[in-house]
Amino acid sequence: MKRLIASTVVVSFATLVCVSASASQLLNISTRAIVSQGEIALIGGFITIGNAPKRVILRALGPSLALPDSAPPIPDPVLELHRADGTVVVNDNWRETQEQEIMDTGLAPVNDLDSAIVATLPPGAYTAVLRGKGTSDDGSFGTALVEVYDLDQAADSILANISSRGYTLVDHNVMIGGIILGPEGTGDSTLVIRGLGPSLFAHGVSATLYDPTIELFNRDGISVAFNDNWEEGPDAGEIAALGLNPAVDREAALKVTLAAGSYTVVLRGTGVEVNLAGVALVEAYYLP
């Protein structure tokens, strides 16, 4: 299994980012999707850039999520942090390791079966892998949430992007990405948000989503942007000039300028019913 799809694009772009002191930053990045074993794991790639290590907390939530009956949570998530040096940190139940350190962040999960890891990370590319414990036959299948929180906003480094791969279906079982920009009162930030599916096949991923769409919602649940095929969007030329254009025409991309606050990106398939399920990738890139 590849640890970070499209990592070459992410790293080469992220090294260009220079953040204004007045601009908001990515304070929290998260993705919710269906999780099981193998290709139906939820894989969140993220990058820290700057001149100092970044202290973060990663959380993998399942049983603590309040979800409708049509999208039951995974009963026991397991979280892996793949570090830039190739080492892997694993947590099953959050109280089993770093209990006090996690509690001191104020972000401890409410259910003991959820997972969490606190880490101080030098600038680089990292991957958080969320799987169900055991096999799909004994309850490892369900909806889960993987999150990264910035615990040291004053450090001379930032979270530059997230690139999450998971399985999307329809209704309550679509893939949902969350973004928090802040602190409150800081200036607007510009992001490129992408929804990929068919191009993942070239990276060895089978059962990819045939035709992804992305829709961006603000904190009030109001839709503020939508794209189906990236070349049809008003900012297609700028996205291509940044080198962030998807490889396949029917994949989706948006370039948006957003005030500090919380936002949600919904990735779903479009077309006939047979095309509405598959493995997809949702990404948010922080632009200078």
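The structure displayed is predicted, hence computed values, not measured ones.

On to unusual backbone geometry, then. Omega for the bond connecting Gly182 with Pro183 falls within 30 degrees of zero, at 0°, which places this linkage in the cis form. Tracing the backbone shows Pro183 in the loop between β10 (175-182) and β11 (189-196). At Gln98, a residue that is not glycine, the phi angle is positive and equals roughly 60°. On the accessibility criterion, Gln98 (28% relative accessible area) is partly exposed. A positive phi angle, near 55°, is found at Ala207, a position not held by glycine. With respect to the secondary-structure elements, Ala207 resides in the loop between β11 and β12 (212-217). The exposed category is assigned to Ala207, whose relative accessible area is 52%.

This next bit is on empty space enclosed by the protein. Overall, the coordinates contain two cavities of 30 Å³ or more when judged by the stated rule. Here the largest cavity defines a volume of roughly 60 Å³. Contributing to the lining of the largest cavity are Ser30, Thr31, Ile162, Gly177, Gly178, Ile179, Ile193, Val265, Val282, Glu283 and Ala284. Counting only elements with at least two residues in the lining of the largest cavity, the list comes to β1 (25-35), β10 and β16 (278-286). Class assignment for the residues of the lining of the largest cavity results in six nonpolar, four polar and one charged.

Take the side chain of Asp150 next. By the secondary structure assignment, Asp150 is in strand β8 (residues 142-150). On the accessibility criterion, Asp150 (7% relative accessible area) is buried. In terms of polar contacts, Asp150 uses its side chain to reach the backbone amide nitrogen of Asp152, at 2.8 Å.

Predicted confidence across the protein chain gives a mean pLDDT of 85, with 88% of residues reaching 70 or more. Within the model, pLDDT remains below 50 along residues 1-21, and this stretch shows 51 contacts once partners closer than five positions in the same chain are excluded.

With that out of the way, let us pick up the environment of Asp92. Counting through the fold element by element, Asp92 comes out in the loop between β5 (88-91) and α2 (99-104). Sequence separation of Asp92 and Leu113 is 21 residues, and the distance between their C-alpha atoms is 7.2 Å. Setting aside chain neighbours within four positions, we find Asp92 in contact with Asp76, Pro77, Val78, Leu113, Asp114, Ser115 and Lys133. Polar contacts involving the side chain of Asp92 include one to the side chain of Lys133, which spans 2.8 Å.

Reading guide: rules and limits
- Residues numbered from 1 in each chain as written.
- Predicted model: local features only at pLDDT ≥ 70, side-chain atom pairs only at ≥ 80, totals over all residues.
- Heavy atoms only, no water.
- Helix = DSSP H or I, 4+ residues; strand = E, 2+ residues; numbered from the N terminus.
- Buried < 20%, exposed > 50% of the residue type's maximum accessible area, 1.4 Å probe, protein only.
- 1 Å grid on protein atoms, 1.4 Å probe; cavity = no way out; pocket = protein on both sides within 12 Å on 5 of 7 lines; lining within 4 Å.
- Points joined across faces, edges and corners; volume = space filled by probe spheres on them.
- Nonpolar A, V, L, I, M, F, W, Y, C, P; charged D, E, K, R; others polar.
- Polar contact = N/O pair within 3.5 Å; in protein donor to acceptor, adjacent residues only side chain to side chain.
- pLDDT = per-residue confidence, 0-100.
- Contact = heavy atoms within 4.5 Å.

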